[in-house]
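Residue-level structure breakdown
Read off the chains here:
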Amino acid sequence: MVLGRVRAAIADVPAGEVLAFDRDGAEAEARYERGGTLDVAARLALFVERAGDYQAEVTVCADEGAAIAAAVGAACARHATRRVVVPDGLDRAWVPDAIEPVADDPPLAWPDLAACDGVLSGCELAIAVTGTVILATGPAQGRRAATLLPDLHVCVVRSHQIVETVPEAIARLATPIAARRAITLISGPSATSDIELKRVEGVHGPRRLELIVAAPGP
Amino acid sequence: MTPAGGFPAAARAAVADSQLRANLRGATHAIRDKRAAAVAEVADWEELREAGRLIKERAMRHLDRHLEDLEAAVIAAGGQVHWAPDGAAANRIVGDLVAATGSAEAVKVKSLATDEIGLNDALAARGIDVLETDLAELINQLAGDTSSHILVPAIHRNRAEIRELFLRELPDPGELDETPAALAGAARRFLRERFLRAEVAISGANFAVAETGTVGVVESEGNGRMCTTLPRTLITVMGIEKVLPRLSDLEVMLQLLPRSSTAERMNPYTSLWTGVTPGDGPEGFHLVLLDAGRTNALRDEVGRQALHCIRCSACLNVCPVYERTGGHAYGSVYPGPIGAILTPQLSDLESGATLPWASSLCGACYDVCPVKIDIPTVLVHLRGEVVRREAGGSKDAAERLSMKAAAYAFGSTTRYRRAQRLALRALRVLAKVPVLGRLVPGPLAAWITVRDLPEPPPETFGDWWRGRRP
Ligand code: SF4
């Protein structure tokens with residue numbers, strides 16, 4: 001019935017009309033930028049700056065287990081966080097001795113997840129221009145509830161995971177989406193401006209976001 | 001749906017409410033300035049707008065194909081799809097789905113489509129308790145209010161009022177001061193417990209991708225993540241116009257929407273799910289595709305572009321009329337310029353017929369719209385439609401003439417700009433001679449008498465904008 005009404009309503013549209021907007025097709029005035037222009041170092045610097053704009057804490061460290069573990073440990077210490085959910089598939093070298101890792105296997109009940117102080121995860125990719133990290137269900141990232149219920153989210157981003165633009169990121173999401181992995185784009189901690197437009201950090205998601213950006217040494 | 005007396009009567013009351021006016025003025029100006037800055041940072045903004053317009057135009061022109069593709073993709077990914085010709089059908093479908101889970105309560109994410117069809121009341125009548133989880137929606141629900149702004153629905157309430165409300169209505173508010181942080185904290189504690197025990201969630205959707213079956217919710221607070229992740233069953237109600245043909249269309253919309261809406265480079269959270277993900281999130285996913293008048297709008301070759309709207313609310317914040325009257329005067333869940341063209345069309349001009357006159361045709365809404373909806377042209381077109389229907393074919397000569405003049409003025413950009421400047425001059429005169437309003441016949445007269453005319457800006461928005469750009 002709904003489809004019948006739709007067809008009747010668009011009866012004026014000629015059959016065989018080109019179906020989708022083709023960015024690279026005829027419309028010059030719609031040719032927006034798809035790819036980035038920055039080199040690796042500039043991309044990294046932009047990501048750090050933009051993520052910081054959202055009041056996410058950003059730590060840059062060397063891309064090796066001990067350095068990452070030290071940065072994670074410092075991030076957890078800043079928030080007096082001890083019991084930390086660690087998803088399957090996360091590099092154990094990233095887990096500092098000072099925290100108590102909690103496995104989500106067998107899957108924890110929601111109140112047990114919520115009772116953990118924090119969660120340590122990797123990511124699928126990150127966007128420099130918008131300072132966004134992107135999670136997808138799977139190894140090192142766990143299921144969505146694990147990165148949602150604890151109050152602190154420590155997320156490790158490796159520099160090769162950073163793309164510059166939003167279109168580059170969407171193109172890279174085609175594969176995980178085809179595998180039905182759930183995707184979450186995170187840009188800073190949760191926030192509301194619902195009361196007199198005053199920004200308040202941390203409503204329902206993790207109230208603190210710590211990003212550990214791991215880059216190869218110079 | 002329109003209050004008794006239509007927009008003019010409701011506007012008269014709202015203009016008199018100084019608290020509402022002060023809040024609205026502060027809010028619309030703050031968002032407006034931030035939006036301009038967020039947009040100025042993007043070198044290819046105009047190309048993105050044109051791409052957004054084309055994506056939506058083509059999606060609408062072949063809507064049947066995209067909806068069929070979407071249905072197939074959602075089913076292939078483990079979800080179920082339901083078709084609702086009208087609001088009553090959608091409410092019945094959702095009610096049945098909730099009842100089938102055995103749960104008598106549901107948590108809900110803000111959704112204009114479900115407000116439009118009165119879902120909460122319909123479910124309450126079946127004994128299902130629906131809890132709104134957006135902070136502003138929670139405030140409105142506790143207070144028994146309706147929304148006054150698409151994006152910040154409780155903009156008409158100040159912090160002292162909200163504190164009183166929480167102390168009265170929340171089970172365990174504790175010590176509560178007036179700071180927004182404390183108020184948000186009280187809402188977090190109250191809602192957290194409900195999220196953890198919820199069996200069913202109801203959401204809207206910002207878009208659904210036909211080729212993959214992926215549905216998206218764009219938000220700030222995290223309640224959207226909670227609702228789409230924790231409950232066993234997720235029911236999403238989406239207007240049929242929200243479908244996007246391809247995954248790559250998201251790369252345009254996810255640039256246009258956050259900057260136009262909350263003036264951010266990216267909103268804090270965007271959730272994208274594709275049917276059911278084994279071991280992660282809801283075990284059952286239902287997508288309810290809602291018509292409820294959208295095919296009325298689709299039938300109108302000029303008016304159908306109202307369906308391109310991505311609900312960013314930028315047009316509200318630049319609208320001089322909205323700024324004076326607030327959202328409630330529109331008597332619709334869709335206020336402001338977009339409401340003035342969408343509401344009448346959804347009801348096939350049965351309700352909201354005065355809304356196309358709730359505009360000074362200044363064109364600011366068109367200039368900021370991220371998908372380039374030509375709201376002034378649609379307004380003029382709908383005025384013509386309303387007049388034609390009311391006159392039953394024998395149009396009043398004067399009105400016919402004025403419509404023709406408007407159609408001529410909108411026929412080219414130069415003429416349109418000239419007309420805008422002329423209108424501005426006329427407004428300046430009117431502002432000094434308020435009694436003149438009563439001499440204007442028809443709905444326009446009613447509108448002008450309540451307008452409490454603002455001092456018009458020295459130049460049109462378009463002039464100002466062009467002057468600002470390098
Ligand atoms: S009409 Fe355009 S500006 Fe207004 S809410 Fe819709 S998309 Fe935004």
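Please refer to the structure placed before this passage.
About the criteria used
- Residues numbered from 1 in each chain as written.
- Chains lettered and ligands numbered in written order.
- Predicted model: local features only at pLDDT ≥ 70, side-chain atom pairs only at ≥ 80, totals over all residues.
- Heavy atoms only, no water.
- Helix = DSSP H or I, 4+ residues; strand = E, 2+ residues; numbered from the N terminus.
- Buried < 20%, exposed > 50% of the residue type's maximum accessible area, 1.4 Å probe, protein only.
- Areas by Shrake-Rupley, 256 points an atom, 1.4 Å probe, with all protein chains shown as cover.
- Arc of directions from axis to C-beta.
- Contact = heavy atoms within 4.5 Å.
- Buried area = accessible area lost by both parts, 1.4 Å probe.
- Salt bridge = Lys/Arg side-chain N within 4 Å of Asp/Glu carboxyl O.
- Nonpolar A, V, L, I, M, F, W, Y, C, P; charged D, E, K, R; others polar.
- Lys, Arg positive; Asp, Glu negative; His and termini not counted.
- Polar contact = N/O pair within 3.5 Å; in protein donor to acceptor, adjacent residues only side chain to side chain.
- Pairing = 2+ DSSP bridges.
- Axes fitted to C-alpha atoms, helices over the stretch in contact; angles between N-to-C directions.
- Phe/Tyr/Trp six-rings, centres within 6.5 Å; stacked < 30°, edge-to-face > 60°.
- Lys NZ or Arg CZ within 6 Å of the ring centre and 35° of its normal.
- Near = heavy atom within 4 Å.

**Some points on the overall build of chain B**
- The helix and strand inventory of chain B stands at 22 helices and 10 strands.
- When burial is assessed residue by residue, chain B has 62% of its 470 residues classed as buried.
- Within the structure as shown, chain B displays about 17,100 Å² of accessible surface, and the carbon and sulfur contribution to it stands at 52%.

**Looking at the environment of Glu251 of chain B**
Residues and elements named next belong to chain B.
- Looking at the element boundaries, Glu251 is found in helix α12 (residues 250-261).
- Judged by its relative accessible area of 2%, Glu251 falls in the buried class.
- Along the chain, Glu251 and Gly52 lie 199 residues apart, while their C-alpha atoms are 9.9 Å from each other.

**Quick look at helix α1 (residues 2-9) of chain A**
- Among all positions in α1 of chain A, only Val2, Leu3, Val6 and Ala9 of chain A are buried. Along the axis of α1 of chain A, the buried residues cluster in a sector spanning 125°; they form a single face.
- Along its buried surface, α1 of chain A packs onto α4 (63-76), β1 (80-84) and α13 (294-299) of chain B.

**Observations concerning the environment of Ser203 of chain B**
Residues and elements named next belong to chain B.
- With respect to the element layout, Ser203 can be found in strand β4 (residues 200-203).
- Ser203 gets classed as buried once you look at its relative accessible area, which sits at 1%.
- Along the primary structure Ser203 and Ala113 are separated by 90 residues, whereas in three dimensions their C-alpha atoms are 9.6 Å apart.
- With residues up to four places along the chain from it excluded, the contact list for Ser203 reads Val109, Ser111, Val217, Leu234, Ile235, Thr236, Val237 and Trp273.

**What about the interface of chain A and chain B?**
- With 74 residues of chain A in contact, the opposing surface of chain B contributes 92 residues.
- Carbon and sulfur atoms make up 60% of the area that chain A and chain B hide from each other, which totals about 7,300 Å².
- For the pair chain A and chain B, the number of links is 9 salt bridges.
- One salt bridge in this structure joins Glu41 of chain B and Arg50 of chain A, with 3.8 Å as the shortest N-O distance.
- For the side of chain A that touches chain B, the secondary-structure elements that each account for two or more residues are α1, α2 (40-53), α4 (110-115), α5 (166-178), β9 (183-186) and β10 (191-192) of chain A.
- Looking at the side of chain A that touches chain B, the element that brings in the most residues is α1 of chain A, giving 6 residues.
- Counted by class, the side of chain A that touches chain B contains 38 nonpolar, 13 polar and 23 charged residues.

**What to know about the side chain of Asp300 of chain B**
Residue and element names in this part refer to chain B.
- One can find Asp300 in the loop between α13 and α14 (314-318).
- The buried charged residue Asp300 lacks any salt bridge partner; its closest oppositely charged side chain belongs to Arg304, at an N-O distance of 7.2 Å.
- A polar side-chain atom of Asp300 sits 2.9 Å from the main-chain amide nitrogen of Gly303.
- Once residues lying within four places of it in the same chain are set aside, the contact partners of Asp300 are Gln345 and His381.

**Details of unusual backbone geometry**
- The step from Asp105 of chain A to Pro106 of chain A runs through a cis peptide bond, and the omega angle for that step is 0°.
- Its location among the elements puts Pro106 of chain A in the loop between β3 (100-102) and α4.
- Although it is not a glycine, Arg311 of chain B adopts a positive phi angle of roughly 60°.
- You can see Arg311 of chain B is positioned in the loop between α13 and α14.
- Look at Lys372 of chain B: it is not a glycine, yet its phi comes out positive at around 55°.
- Structurally, the position occupied by Lys372 of chain B is in the loop between α17 (364-368) and α18 (375-390).

**Focus on the sheet that holds strand β7 (residues 233-239) of chain B**
Residues and elements named next belong to chain B.
- Read across the open sheet, the 6 strands follow the order β1-β10-β7-β4-β2-β3; overall the sheet is parallel. Since the sheet does not close on itself, it has two edges, and those belong to β1 and β3 (129-132), each with one partner. Within this sheet the neighbouring strands show an average axis-to-axis angle of 25°, counted without direction.
- Taken together, the 7 bridges between β7 and strand β10 (residues 284-290) define a ladder with parallel strand orientation. Its bridge partner being in β10, Gly239 is matched across the sheet by Leu290.

**Here's the deal with helix α8 (residues 135-143) of chain B**
- For α8 of chain B, the full list of buried residues reads Leu135, Ala136, Glu137, Leu138, Ile139 and Asn140 of chain B.
- With its phi angle positive at about 70°, Gly144 of chain B sits one or two positions after the end of α8 of chain B.

**Comments concerning the sheet that holds strand β7 (residues 152-158) of chain A**
Residue and element names in this part refer to chain A.
- Read across the sheet, 6 strands follow the order β1-β12-β7-β4-β2-β3 without closing on themselves; strand pairing throughout is parallel. The open sheet has two edge strands with one neighbour each: β1 (57-62) and β3. Between one strand axis and the next, the sheet turns through 25° on average, direction left out of account.
- In this sheet, strand β12 (residues 208-215) lies alongside β7 in parallel orientation, the contact comprising 7 bridges. When the sheet's bridge partners are listed, Val156 is paired in β12 with Ile212.

**Examining the packing of aromatic side chains**
Residues and elements named next belong to chain B.
- One pass over the structure, following the stated rule, counts 1 aromatic pair over all chains.
- Ring geometry for Trp273 against Phe285: centres 5.9 Å apart, planes inclined by 90°, an arrangement best described as edge-to-face. Pair noted here: Trp273 is in strand β9 (residues 269-274) and Phe285 is in strand β10, with a separation of 12 residues, a long-range link.
- The class of Phe285 is buried, set by a relative accessible area of 3%.
- Above the plane of the ring of Tyr269 lies Arg225, whose end atom (NZ or CZ) is 4.4 Å from the centre.

**Concerning the site of the ligand**
- Neighbouring residues of the ligand: Cys309, Ile310, Arg311, Cys312, Ser313, Cys315, Ile338, Cys369, Pro370, Ile373 and Ile375 of chain B.
- Residue classes in the shell around the ligand are distributed as 9 nonpolar, 1 polar and 1 charged.

So yeah, pure geometry; function would need other evidence.
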